Every structure is written in structure tokens, then in C-alpha cells.
Amino acid sequence: MSNRKGNPQNFDNQPSRDLTENVTFRATKEMKEEIQKQDNPAQFCRDAVQKALDEKK
């Protein structure tokens, strides 16, 4: 029987960076729908935020 929660080694996360914090924000209905269409919505959001932060430096 497979592990329903998945195997951490199969995730796209970098091993040295634990995802321990939650961030919540408001978005338009259209934004939410487009985000949910992504293959991995959570990773899509993390990548978008990281890109914006990198551009500010």
C-alpha cells in the first residue's frame, strides 16, 4: 500500500529549506481560478513570490 501523504524525496522542495510557515492573502476570483489551474498551485505561488522578492533586490 502506498503512502497517501507522499514521499518527501519526491517533492520539488529543496531539502535544506523546510516549508513550515503559512501565508494567507486575498485575491480576485479570477486570480484564484487561474492559480488553481496550475499543475502545482502551491509551488506556483511560492515561485511567483520568490521571483518578486528576487526582483526587488
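Here, every reference points to the structure presented above.
Below or above, wherever it landed, is the structure these notes cover. (Residues numbered from 1 in each chain as written. Predicted model: local features only at pLDDT ≥ 70, side-chain atom pairs only at ≥ 80, totals over all residues. Heavy atoms only, no water.)

Some details on the overall build of the protein
- Counting its regular elements, the protein contains two helices and zero strands.
- Taking all 57 residues of the protein together, the buried fraction comes to 4%. (Helix = DSSP H or I, 4+ residues; strand = E, 2+ residues; numbered from the N terminus. Buried < 20%, exposed > 50% of the residue type's maximum accessible area, 1.4 Å probe, protein only.)

Some points on the pattern of salt bridges
- If you walk through the whole model with that rule in mind, you get one salt bridge.
- Glu34 is paired through a salt bridge with Lys37; the nearest N and O atoms lie 3.1 Å apart.
- Under the relative-accessibility criterion, Glu34 is labelled partly exposed at 45%.
- A relative accessible area of 60% means that Lys37 is categorised as exposed. (Salt bridge = Lys/Arg side-chain N within 4 Å of Asp/Glu carboxyl O.)

Let's talk about the environment of Pro41
- The topology assignment puts Pro41 in helix α2 (residues 41-56).
- Classification of Pro41 by relative accessible area gives partly exposed; the value is 28%.
- Aside from chain neighbours lying at most four places away, what touches Pro41 is Ile35 and Gln36. (Contact = heavy atoms within 4.5 Å.)

Considering the side chain of Gln43
- By secondary structure assignment, the location of Gln43 is in helix α2.
- Exposure remark for Gln43: the relative accessible area of 16% places this residue in the buried category.
- There is a polar contact of 2.9 Å between the side chain of Gln43 and the side chain of Arg46. (Polar contact = N/O pair within 3.5 Å; in protein donor to acceptor, adjacent residues only side chain to side chain.)

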